[in-house]
2 protein chains.
Amino acid sequence: MPGTLTWQWIAAEARRRIAARLWPPGARIPDEADLAAEFGCARATVNRALRELAAAGLLVRRRKAGSFVAAHPVRKATFEIPVIRQDVEARGLRHGYRLIVAETLPAPAAVQARLGLAPHAPLLHLLALHLADGLPFCIEDRWLNPAIPGVAGADFATVSANEWLVQNRPFSGGGIAFSAQAADPQLAGLLGCTPGAALFVVERETWAGAEPITAVRLTYAPGYSVAATI
Amino acid sequence: MPGTLTWQWIAAEARRRIAARLWPPGARIPDEADLAAEFGCARATVNRALRELAAAGLLVRRRKAGSFVAAHPVRKATFEIPVIRQDVEARGLRHGYRLIVAETLPAPAAVQARLGLAPHAPLLHLLALHLADGLPFCIEDRWLNPAIPGVAGADFATVSANEWLVQNRPFSGGGIAFSAQAADPQLAGLLGCTPGAALFVVERETWAGAEPITAVRLTYAPGYSVAATI
DNA sequence: ACGGGTATTATGTGCAGACATAATAACGTC
DNA sequence: GACGTTATTATGTCTGCACATAATACCCGT
């Protein structure tokens, strides 16, 4: 079998065996050495292939125990999180931005909890509107740790905090959540939609190591959707 | 520097240099051989580390050209897509399931387009309600390719198509999209919520190779959200 | 100057061997 | 039989080497 020696071929073959139930869910598959012998390649090559399948959620691998076909193949979808400006421009629209509120005050308890901050710690609160071809696209409601270097000097009236952070403050981790929310009168006013309209909401928190950076709530105008390939 | 020789350490060090702007956005970083010399390890180890950073979106790598720090670090979030039953049970609730409609008829044009099917091709249409502790949790509105082996014999009144497919029909790829939608009277009736409530909607299509398997629209009861770590 | 073929180069991947690590299985003791 | 210790084993990773591949940079002829 020519071409057998690439890890991609081996990964594909393993997928095929899983799909064909040659290796049924929950079953233990042959160990790397056996597969290497079968395919006539080095163990490292098999390792690389199986590692990919494990990352894809098709295999569960445990030292000493062996490699097992995932009983419930938990599928994973990867979304790219673009800067809002890029998101707008990728749709072929012109991006606009308007700062509405910038103030420093203690964050609401919910925000403090999301960021793991002490109560009453004052944060920079920004409320801004992103536009697409002049129409409301998204409301950015952000709480920002004022201890971040450069925040004091940044002009969030001209550059959105969204963009400023990407350029100036790399983060190491965080969380993201998607949900749906009905437009209250304030949101409806800002987004130019009818009160009660179903809006898509993204909530995100980011940290640099242990230091909280920001918590943001993005509320999109009606019709927004986010897509990915599985 | 002890412990320098692991690919995780090198990956972490590279992240640090990117975060510290030692390697600024857009810049070309030293090539693998140079880094291997600097860290005193094999090139393969550096390769492994940089490959991870590229997968995470922090680096862009091009043969002959070199490795570059991503100008706009497109962050990626990975969501796990659970079977609905598991989703319910993970919340500590009891899962219930009720089939509402099962019929074979030509799919609407929108569904045909999503699956890339010929017009008028008859599909199996299933409408079902998932319950959490007896309360409506999610509506599963699914179109299923009747050519899939075993579909004819499956009893979707007792096992949800969602679950049946996971167990019986591995898929190779597909798409997923999240959006928000207001509850129309029918949805409101099924989900036991007020008409106009904001609902979270997941639309998914899956294929096995070139063969379409299913297109499904999951409409969740108010309050549902999906979370992930970045 | 221009276009096209060619040399160069950084990444991509393979191999064989070795040791590290974690988790299980086997064992011996009480 | 229950429990702690040790041996075994499959995966995880590193090394050093080799060649493949793609994309750029260079050179040359017109």
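Here the structure is a predicted model, which is why all the values come from computation and not from measurement.

As a matter of local geometry, DNA strand C sits amid 23 residues, with T6, W7 and T45 of chain A together with R43 and R61 of chain B nearest to it. Counting only the atoms of DNA strand C that lie within 4 Å of the protein, the sugar and phosphate share comes to 75%. Here a phosphate oxygen of DNA strand C and a backbone polar atom of W7 of chain A are 2.4 Å apart. At the level of secondary structure, the elements contributing two or more residues to the surface near DNA strand C comprise α1 (7–19) and α3 (43–55) of chain A together with α3 (43–55), β2 (59–62) and β3 (66–69) of chain B. Among the elements that make up the surface near DNA strand C, the one with the highest residue count is α3 of chain A (3 residues). The residue inventory of the surface near DNA strand C, partitioned by class, reads 4 nonpolar, 6 polar and 13 charged.

As a further point, take the domain arrangement of chain A. For chain A, the assigned domains are domain 1 (7–69) and domain 2 (84–220). Centre-to-centre, using C-alpha coordinates, domain 1 of chain A lies 43 Å away from domain 2 of chain A.

Overlaying chain A with chain B gives an RMSD of 0.1 Å, the required rotation being 180° about an axis along which the chain moves by 0.0 Å. Overall, the copies show the geometry of a two-fold rotation axis. The residues that chain A uses at the interface reappear at the interface of chain B in 100% of cases, marking a shared surface.

Another aspect to go through is the packing of helix α1 (residues 7–19) of chain B against α3 of chain B. Any two packed helices are characterised by how steeply their axes cross, that is the angle between the axes, and by the distance between the axes. Residue and element names in this part refer to chain B. Two elements in contact, α1 and α3, have axes whose closest approach is 8 Å; the angle formed by their N-to-C orientations is 50°. It follows that α1 is oblique to α3 by the angle criterion. Between α1 and α3 lies a crossing of right-handed hand. Mapping the contact onto sequence places W7, I10, A11, A14, R15 and I18 in α1 and T45, V46, R48, A49, E52 and L53 in α3. Counted by class, the contact of α1 with α3 contains 8 nonpolar, 1 polar and 3 charged residues.

This part is about the pattern of salt bridges. Across all of its chains, the model carries 26 salt bridges over all chains by this definition. Between E163 of chain A and R85 of chain A there is a salt bridge, with the nearest N and O atoms lying 2.6 Å from each other. Of the two residues, E163 of chain A is situated in helix α6 (residues 161–168) and R85 of chain A in helix α4 (residues 84–90); the sequence distance between them amounts to 78 residues. With relative accessibility at 14%, the residue E163 of chain A sits in the buried group. Salt-bridge contacts for R142 of chain B lead to E140 of chain B; the nearest nitrogen and oxygen are separated by 2.8 Å. Take R142 of chain B: its relative accessible area is 3%, and that puts it in the buried class. The buried category is assigned to E140 of chain B, whose relative accessible area is 2%. Residues joined by salt bridges that share partners form a network here, namely E13, R16, R17 and E38 of chain A.

Here we come to helix α6 (residues 161–168) of chain B. Three or more residues of α6 of chain B are buried, namely A161, N162, E163, W164 and L165 of chain B. The inward-facing, buried residues of α6 of chain B abut α4 (84–90), β5 (95–106), β6 (122–132), β7 (135–144), β9 (198–208) and β10 (211–220) of chain B.

The next thing to look at is the packing of aromatic side chains. Counted according to the given criterion, the structure contains 21 aromatic pairs over all chains. Measuring from centroid to centroid gives 5.7 Å for F156 of chain B and W164 of chain B, while their planes differ by 80°, and the two rings are edge-to-face. With relative accessibility at 6%, the residue F156 of chain B sits in the buried group. By relative accessible area, W164 of chain B is classed as buried at 12%. In textbook terms, an aromatic cluster arises when at least three aromatic residues are bridged by ring pairs, as seen for F79, F137, F178, F200, Y220 and Y224 of chain A together with F79, F137, F178, F200, Y220 and Y224 of chain B. Between R75 of chain A and the ring centre of F171 of chain B, over which it is positioned, the NZ or CZ distance is 4.2 Å.

Cut-off values and rules
- Residues numbered from 1 in each chain as written.
- Chains lettered and ligands numbered in written order.
- Predicted model: local features only at pLDDT ≥ 70, side-chain atom pairs only at ≥ 80, totals over all residues.
- Heavy atoms only, no water.
- Near = heavy atom within 4 Å.
- Polar contact = N/O pair within 3.5 Å; in protein donor to acceptor, adjacent residues only side chain to side chain.
- Helix = DSSP H or I, 4+ residues; strand = E, 2+ residues; numbered from the N terminus.
- Nonpolar A, V, L, I, M, F, W, Y, C, P; charged D, E, K, R; others polar.
- Domains from an automatic or database assignment.
- Least-squares fit on C-alpha atoms with pLDDT ≥ 70 in both.
- Contact = heavy atoms within 4.5 Å.
- Axes fitted to C-alpha atoms, helices over the stretch in contact; angles between N-to-C directions.
- Parallel < 35°, antiparallel > 145°, perpendicular 65-115°, else oblique.
- Left-handed = near helix turned anticlockwise from the far one by under 90°.
- Salt bridge = Lys/Arg side-chain N within 4 Å of Asp/Glu carboxyl O.
- Buried < 20%, exposed > 50% of the residue type's maximum accessible area, 1.4 Å probe, protein only.
- Phe/Tyr/Trp six-rings, centres within 6.5 Å; stacked < 30°, edge-to-face > 60°.
- Lys NZ or Arg CZ within 6 Å of the ring centre and 35° of its normal.

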